[in-house]
Amino acid sequence: MEIPITRPSMVSYADEVNFSELIENLLKKRHNGFIRVTSGSEEGYILFKEGQQVAASYERYSKSDAVAMIDSAMENDDTVIEVFDLRSSYVDYIMDVNKPYLMEPDYDVYGVIKELRKPEDNELGIDVKSVPQTEPQTEPVTGTEKTETVTGAEDNEPILGEQETEPQEEFESSKATEEEEELLPESVVGEEEELLPESETEEKLDLEDLKEKFDIGTIDDARAEFDLKADKSSKGTEESSKGTKIVSEISESPKESETKTTEQSIQDEESFDESEKQELKPADRSELMEKYGIKEINEDDVDDILESYKGGSLSDDDVEKIELNLMNKIKKSIYGIPKVKGAEVMVFLDNNGRELAGNVNIIIEYESKGFLSRLLGDYKDNDHLRRQVMNIVQIELKKGFRKYPKVFDNFDIKVEIG
Amino acid sequence: MTRVITVASGKGGVGKTTITANLGVALSTYGEETIVLDADVAMANLELILGMEGKSITLHDVLSGEASIDEAIYEGPGGVKVVPAGISLEGLRKIKLDRLEEVLEKLVEESDILLIDAPAGLEKDALAAIAAAQEMILVTTPEVPSISDALKTKIIANKLGVDIIGVVINREQHDKTFLTIEEIETILEVPVISVIPDDPEVSRAAAFGEPLVIKNPKSPTSNAIMQLGADLIGQEYQPIEPDKKGVIAKLIEGLLGRR
C-alpha cells in the first residue's frame, strides 16, 4: 500500500503484544491510522478508519489474504508492530489511492480475529495446534469455506448430540448465509466416508504442503478450534477428544469434488506462483528503462557533451586556429565598408595568464579624397570609420566567445586609419 | 601505485560530497595516505562537512597560478588530507584544464589514494574531474531522476576510459516507490558496491561539521561507508553494532526466563 510513514505512536515486538487485543483496542478507540507489521524483509499494513479495518496489504497479498498473512507473521517473535496515527481525512485519501487493497464492505475481519483469539481461551488446555488442518484455501473467508464448516457441523450433530450443536448453530447463524446453505450438499457424509480411506494420506500431505507453501490455514484452524471449544464446553474431556477426532475427520475428508477443487486450486496457485516469480525476475534492461522513462544517451549526445568539455580549454593549436579565424572574419567584415581599399588585421591571443586575453590590431587604408572634402570633413569620416571597425571587431569577438562573454573584456582593440 | 578515484553522481544533492568526505576519513583510518580533492567548486561543501571551512589557500588559487598545491593541502579529521575547492567558479572556468592535471600529478605523488569529489552535472568541471581519474564510484539515490543522470555520467566516464568501480546507493529506503538494487544494477549495468541507508545522523553530523564515521561510528551509514572503504582496499571490516536497548532488555528477560 502507498502509505506515508511518519513517527509511530507505538512500537512493539510480536511477543510483547497481543495482536488481537491491539486490534480490539483500536476498534474501541475508533482509531484512524494504520498498523505496520515488519517480519524480516516482509512488510504488511492494515489501514483503520474509525477503528474499522478498511484496507490491508502484505507483500503481494491484499485484503483478507493480507490479514491472514499478517496474522501468520505474528507467530514470529521478532515481528515488529508499529501503530501510526493519521487524521480521518487523510485516511480517506489513503483509501482512495489504495483501492486495490480495500476490504469488501461485508468482510467480517473482527469475526476472524475473534476466532483467532479463541484458542487462548481454551479452558481445557488442549493443544489446538494439534487439530488437523481443514482444507486450505487462498481466500481464508469464502463462501466455499463456510459451506465446509457448516457441513462439518451437520456431521457432528448425530454424534455429539443436540446440546453440543448449539454453539455451532450460533456460529452458523452468524457466518453462513442463506445462499451458502443452499449450496450445502445433502450427500456429503456418505461421500466423505467413502473417500476418506483412499484420499486421507494424500490429501493430508497436499494440505500440509499447501499450508507450508502459502502459510495459511490459521483461520481454518481457529474455526475448527471454535467448533472444538463449543463441543468441549458442554462435554467432558473424553467426549471432547471424540469431538476433536470428528472435527479432524471432517476437516481432513473433503468431498471428491472438493478434493478436485483443492488440486485445481493448488495447480492454480502453482501457476500463479510461477507467473509471480516471472514478474519478480529482473526485467530486461530496455523494459526497465521504458518502465521508468529513462532514455538511453546516444552517441551524438555524448560527443556533444565531450565537445563542451573541450570548450573551456585551449591548446596552442586551438589558439592559432582561433586567431586565424578571427582575423579572417574581421577582415571580411571590414571590406564590406564602402571606400575601404585595404585592411590588415592581427589577432593575438594570450592563453598563459589566469584568463584568456588578446589584442586586435587593425590598419585600414581608406580611399583618398579631394583636397576640399578633406578640409571639410575628413576627420569626421575617420571617427565614423573607426567606430564602425570597432563595432565589427566587438561583434566578431562576441560571436567567437559566445559561451564566455567575460573573455571579451580582456581584449584590447586598436584601429589605425591610413 | 596511487589510485585516483573520482566520486561522481550526475545529479546533485544525492550525498556525493558526504560520501566522499566520510570515505576519505574511512580510508585514512585504515592507514591509507588519502587526499580528498574538492573539485566541486560550485558547491564547495566538502570543507563544511569536514569542518574545514575558511581556508586561505584553495584549489582555486592553485589553478590560478597564485599558490602551489602544497600550500593548499590541509590535515583533516582522522588524518585525511584535504584540498578545499575555494569559492570561485568563474575563476576555474577560465583556467586551463591541463593545469588541473598538473595539480593532480603532484597530489598523486603524495598519496596512496586520491579521492576527487566531482561536481554534479556534466559541465566542464565535472568532466575534468571524471577524466582526471582512473577509477570512478557512481553515487545515486534509488530514484528515477538520479538513476537517469547517473547513467549519463557512467556513459561519459566509459567514453573517457574511466574504470567504474561500482554504484553506491545512498539514502536507501524500504519503499516500493523506489527502484530496487537489482533494477539499478540492470539499468546502469554496473554492480552495486554499497547500499547506504537513509539516516538522519548524516544531517546531524554535517551540522556539527564533523564526519559521521567519527561522530557516530555505530550508525548504519558509518558502518556502510567503513565497509565500502574496506572493500576498496581489500580489508576486513567488522561492523560496530548500535546499542539496542530493546535487544538488551530482551536478553535480560531471556536470562531471567520470562517469555
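Structure shown above.
Residues numbered from 1 in each chain as written. Chains lettered and ligands numbered in written order. Predicted model: local features only at pLDDT ≥ 70, side-chain atom pairs only at ≥ 80, totals over all residues. Heavy atoms only, no water.

Trainee: What should I look at first to understand the overall build of chain B in this one?
Mentor: The helix and strand inventory of chain B stands at twelve helices and eight strands. Counting every position in chain B, which comprises 259 residues, the buried fraction comes to 54%. In chain B, of all internal contacts separated by at least 6 residues, the share reaching a separation of at least 24 is 75%. Carbon and sulfur atoms make up 51% of the accessible area of chain B, which amounts to about 10900 Å² in all. (Helix = DSSP H or I, 4+ residues; strand = E, 2+ residues; numbered from the N terminus. Buried < 20%, exposed > 50% of the residue type's maximum accessible area, 1.4 Å probe, protein only. Contact = heavy atoms within 4.5 Å. Areas by Shrake-Rupley, 256 points an atom, 1.4 Å probe, with all protein chains shown as cover.)

Trainee: Before we go on, may I ask you to explain the overall build of chain A in this structure?
Mentor: Of the regular secondary structure elements, chain A holds 15 helices and nine strands. Looking at chain A as a whole, 44% of its 418 residues qualify as buried. Partitioning the intrachain contacts of chain A with sequence separation of at least 6 by distance along the chain shows that 71% fall at a separation of at least 24. Per element, the accessible surface of chain A, about 23600 Å² overall, is 47% carbon and sulfur.

Trainee: Could you clarify how one ought to interpret the sheet that holds strand β2 (residues 34-38) of chain B in this entry?
Mentor: Neighbouring strands of a sheet are bound in pairs by backbone hydrogen bonds; such pairs are parallel or else antiparallel. Residue and element names in this part refer to chain B. Taken together, the eight strands give an open sheet; going across it, the order is β3-β4-β2-β5-β1-β6-β7-β8, and neighbouring strands pair in mixed fashion. Each end of this open sheet is capped by a strand with a single partner; those strands are β3 (74-75) and β8 (192-197). As paired elements, β2 and strand β4 (residues 81-83) share three bridges and run parallel to each other. When the bridges of β4 are listed, Val-36 appears paired with Val-82. Against the sheet, helix α7 (residues 144-159) makes contact with β1 (3-8), β6 (135-140) and β7 (163-172), and its axis sits at roughly 170° relative to β6, the strand it touches most. Most of the contacts of helix α11 (residues 220-233) go to β8, to which it runs at about 165°, and overall it touches β1, β5 (113-117), β6, β7 and β8. (Pairing = 2+ DSSP bridges. Axes fitted to C-alpha atoms, helices over the stretch in contact; angles between N-to-C directions.)

Trainee: Whenever I open this one, the packing of aromatic side chains confuses me. Can you help?
Mentor: Describing an aromatic ring pair means giving the distance of the ring centres and the angle of the ring planes. All names here are of chain A. A full pass over the atoms with the stated rule returns three aromatic pairs over all chains. When the centroid spacing of 4.5 Å and the interplanar angle of 10° are considered together, the rings of Phe-34 and Phe-84 count as stacked. With Phe-34 in strand β2 (residues 33-39) and Phe-84 in strand β6 (residues 80-85), the pair connects residues that are 50 residues apart, well separated along the chain. Judged by relative accessible area, Phe-84 falls into the buried class, the value being 0%. Here Tyr-90 and Tyr-93 contribute two aromatic rings whose centre-to-centre distance is 5.8 Å and whose plane-to-plane angle is 25°, an arrangement assigned as stacked. Note that Tyr-90 and Tyr-93 are positioned in helix α3 (residues 88-97) at a spacing of three residues, about one turn of the helix. The partly exposed category is assigned to Tyr-90, whose relative accessible area is 30%. Overall, the relative accessible area of 48% leaves Tyr-93 in the partly exposed class. A network of ring pairs unites the aromatic residues Phe-34, Tyr-45 and Phe-84 as a single cluster. (Phe/Tyr/Trp six-rings, centres within 6.5 Å; stacked < 30°, edge-to-face > 60°.)

Trainee: Just checking my understanding: could you explain a negative patch on the surface for this structure?
Mentor: Together, Glu101(B), Glu102(B), Glu105(B) and Glu109(B) make up a negatively charged patch on the protein surface. Structurally, Glu101(B) is set in helix α5 (residues 97-109). (Patch = residues over 30% accessible without salt bridge, like charges linked within 9 Å, V, L, I, M, F, W, Y side chains within 5 Å. Salt bridge = Lys/Arg side-chain N within 4 Å of Asp/Glu carboxyl O. Lys, Arg positive; Asp, Glu negative; His and termini not counted. Charge placed at Lys NZ, Arg CZ, Asp CG, Glu CD.)

Trainee: It is not clear to me how a nonpolar patch on the surface should be interpreted in this structure. Could you clarify?
Mentor: Taken together, the side chains of Tyr90(A), Tyr93(A) and Val97(A) present a nonpolar region at the surface, about 270 Å² in accessible area. Mapped onto the elements of the fold, Val97(A) is located in helix α3.

Trainee: What should I look at first to understand the nonpolar core in this one?
Mentor: In globular proteins that are soluble, nonpolar side chains generally tend to be buried together. Residues and elements named next belong to chain B. In terms of nonpolar packing, the biggest core is built from 51 residues, with Val-83, Leu-107 and Leu-188 touching the most fellow members. When residues of this core are assigned to their parent elements, the largest contribution, six residues, is made by α7. Look past the residues within four positions of Leu-188 in its chain and what remains in contact with it is Leu-138, Ile-147, Ala-150, Leu-151, Lys-154 and Val-167. Counting 33 residues, the second largest nonpolar core, distinct from the first, contains Leu-23, Ala-26, Tyr-74 and Leu-115. (Core = buried A, V, L, I, M, F, W, Y, C linked by side-chain atoms within 4.5 Å.)

Trainee: Is there a simple way to think about the pairing of β2(B) in this case?
Mentor: Each regular strand carries side chains that alternate between the two faces of the sheet. Residues and elements named next belong to chain B. Judged by how many residues are buried, β2 sits mostly within the fold: five of five residues are covered. Of the two faces of β2, the one lined by Thr-34, Val-36 and Asp-38 and the one lined by Ile-35 and Leu-37 are each fully buried. Note: β2 against β5, five bridges, orientation parallel. Paired with Asp-38 across the strands is Asp-117, a residue of β5.

Trainee: Sorry, what's going on with the pattern of salt bridges here?
Mentor: A side chain with one charge can pair with a side chain of the opposite charge if their charged atoms come near. Applying the stated criterion across every chain yields a total of 16 salt bridges over all chains. Between Asp92(A) and Lys49(A) there is a salt bridge, with the nearest N and O atoms lying 2.6 Å from each other. Residue Asp92(A) is found in helix α3, and its partner Lys49(A) is found in strand β3 (residues 42-49); the two are separated by 43 residues along the sequence. When the shortest N-O distance is used, the salt bridge between Lys291(A) and Glu183(B) registers 3.4 Å.

Trainee: Even after reading the chapter, I still don't get unusual backbone geometry, so can you show me in this structure?
Mentor: A negative phi angle is the norm for most residues apart from glycine, just as the trans form is the norm for most peptide bonds. All names here are of chain B. Even without being a glycine, Arg-171 presents a positive backbone phi close to 55°. Following the sequence through the fold, Arg-171 ends up in strand β7. Using a relative accessible area of 34% as the deciding quantity, one classes Arg-171 as partly exposed. One non-glycine residue, Glu-189, adopts positive backbone phi at about 55°. Take Glu-189: it is sitting in the loop between α8 (181-188) and β8. We classify Glu-189 as exposed; its relative accessible area is 53%.

Trainee: Sorry if this is basic, but what is going on with the sheet that holds β2(A) here?
Mentor: All names here are of chain A. The strand order across the open sheet built from six strands is β1-β6-β2-β3-β4-β5, with neighbouring strands paired in antiparallel fashion. Only two strands of the sheet have a single neighbouring strand rather than two, namely β1 (10-13) and β5 (61-62). Where β1 lies against β6, four bridges are found, and the strand directions are antiparallel. Note on β6: the bridge partner recorded for Met-10 is Val-83. The strands touched by helix α2 (residues 63-73) within the sheet are β2, β3, β4 (52-58) and β5, with β4 carrying the most contacts at an inclination of about 75°. α3 contacts β2, β3 and β4 of the sheet and is inclined by roughly 125° relative to β3.

Trainee: Got a minute to help me understand the environment of Glu101(B) in this structure?
Mentor: On the accessibility criterion, Glu101(B) (42% relative accessible area) is partly exposed. Glu101(B) sits 30 residues away from Ala131(B) along the chain, and the two C-alpha atoms are 9.5 Å apart.

Trainee: Sorry, what's going on with the packing of helix α12 (residues 285-292) of chain A against α8(B) here?
Mentor: In a pair of packed helices, the angle between the axes and the distance between the axes together describe the arrangement. Between α12(A) and α8(B), the least distance of the axes is 9 Å, while the angle of their chain directions is 105°. Looking at the two axes, α12(A) sits roughly perpendicular to α8(B). Contacts between α12(A) and α8(B) involve Arg285(A), Leu288(A), Met289(A), Lys291(A) and Tyr292(A) on the former and, on the latter, Glu183(B), Thr186(B) and Ile187(B). Broken down by class, the residue content of the contact of α12(A) with α8(B) amounts to four nonpolar, one polar and three charged. (Parallel < 35°, antiparallel > 145°, perpendicular 65-115°, else oblique. Nonpolar A, V, L, I, M, F, W, Y, C, P; charged D, E, K, R; others polar.)

Trainee: What is the right way to look at the pairing of β6(A) in this model?
Mentor: Bridge analysis of β2(A) against β6(A) gives six bridges, and the strand direction is antiparallel. Pairing of Arg36(A) across the sheet is with Glu82(A), part of β6(A).

Don't take any of this as a statement about function, it's just geometry.
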